[in-house]
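# Structural characterization, general
Residues per chain, in single letters:
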Amino acid sequence: MQYTKQTIITNKRLIGDIFLLQVTRPEGEIRPGQFFMLKSWNEELTLMRPISVYRFDEQSVSFMYRVAGKGTRWLSECSQRDRNKDIMLLGPLGNGFPCEEVHGHIALVGGGIGIPPLYETAKKLTALGNQVDMYLGYKDVLFAFEEFEDVSENIFISSEAGFEGYKGFITDLLKPEQYDAVFTCGPLVMMRKIVEMCQLHNTPIWCSMEKHMGCGIGACLTCSCKTTNGMKRTCKDGPVFKGEELVF
Ligand SMILES: Cc1cc2nc3c(=O)[nH]c(=O)nc-3n(C[C@H](O)[C@H](O)[C@H](O)COP(=O)(O)OP(=O)(O)OC[C@H]3O[C@@H](n4cnc5c(N)ncnc54)[C@H](O)[C@@H]3O)c2cc1C
Ligand code: FES
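As the structure is a prediction and not an experimental result, all values here were calculated from the model.

Cut-offs applied
Residues numbered from 1 in each chain as written. Chains lettered and ligands numbered in written order. Predicted model: local features only at pLDDT ≥ 70, side-chain atom pairs only at ≥ 80, totals over all residues. Helix = DSSP H or I, 4+ residues; strand = E, 2+ residues; numbered from the N terminus. Rg over C-alpha atoms; globule rule 2.2 N^0.38 Å. Buried ≥ 20, exposed ≤ 12 C-beta atoms within 10 Å, placed from the backbone. Near = placed C-beta within 6 Å. Nonpolar A, V, L, I, M, F, W, Y, C, P; charged D, E, K, R; others polar. Domains from an automatic or database assignment. Pairing = 2+ DSSP bridges.

### Here we look at the overall build of the chain
Scanning the chain from terminus to terminus reveals three helices and 16 strands. Relative to the 2.2 N^0.38 estimate, which gives 18 Å for 248 residues, the radius of gyration of the chain is 17 Å and therefore close to what a compact globule would have. The principal-axis extents of the C-alpha atoms in the chain amount to approximately 50 × 40 × 30 Å. Considering the chain as a whole, with its 248 residues, one finds that 44% of them fall into the buried category.

Following this line, the structure appears as structure tokens:
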């Protein structure tokens, strides 16, 4: 797969260290839960960084990202620093959430920066005739929650700081026995808990895993993930895995 040069349409801070990047859309079908490798810098030694698709339309694709270190900081500065509107994209990559495999009442559980990949997932599941409930867990500041109003039936919000919604963890609100399937993306500790809860009630559950990545295309094995079927590559075999398959 070749990377392509795209043009930055918007790259702005939303709140705190959360940014929204919108770029021209590369060719090819995009599935909810897929990601791209991104690079806005020329330094050869700094690898591309994986960021999930937040939203897309016919002309553009958007990413929501948190500034975590050097790469995402450069990304946040790119269109301001040098007025360079070019960005390199590799993708779409990975399998995405299995929207066609589930039917009925579906819970989507996102934690922190794991929330954005659930937007297109909720939109697709709703378009397929499912009833979608969102469970959005934050540490302190809230972002992106209003976007889900048009693509879900109910939105449950929690924050550890208690600024809005339930004060505590989003797992306190989820009742897996009410659902035909659960999709989740967020911190490992949250997803492990949700898998345990779902297994108690035999509710099918899929998790989007986050691992450090080098190539993004299955060649370097940086992103190995332990499963009951051996080591899998998060970038190529995932990032979405069935909960029962994961060895946490
Ligand atoms: C499939 C996938 C999808 C992702 N989608 C998003 C997204 O939509 N929005 C978003 O903000 N982030 C996302 N991430 C995480 C994002 O890729 C990392 O935050 C980013 O690569 C960090 O790069 P950096 O150069 O800014 O930080 P670095 O300087 O490389 O690291 C800064 C800190 O972040 C940690 N870190 C680095 N890479 C990762 C990683 N892959 N996962 C977890 N922690 C990491 C490091 O341990 C360190 O503590 C995703 C990761 C994966 C694997
Ligand atoms: S990042 Fe290279 S194999 Fe997954």
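### As for the site of ligand 1
Residues in close proximity to ligand 1 total 22 residues, the closest being Ser 52, Tyr 65, Gly 69, Gly 71 and Thr 72. If you list the elements that add at least two residues to the shell around ligand 1, you get β4 (49-52), β6 (60-66) and α1 (70-81). Class assignment of the residues belonging to the shell around ligand 1 gives a composition of twelve nonpolar, five polar and five charged. Viewed by domain, the shell around ligand 1 spans two of them, domain 1 (4-93) and domain 2 (99-245), each represented by three or more residues.

### A look at the sheet that holds strand β2 (residues 18-24)
The seven strands lie next to each other as β4-β3-β7-β1-β2-β6-β5, forming an open sheet whose pairing is antiparallel. The sheet is open, and its two edges are formed by β4 and β5 (55-56), each paired on a single side.

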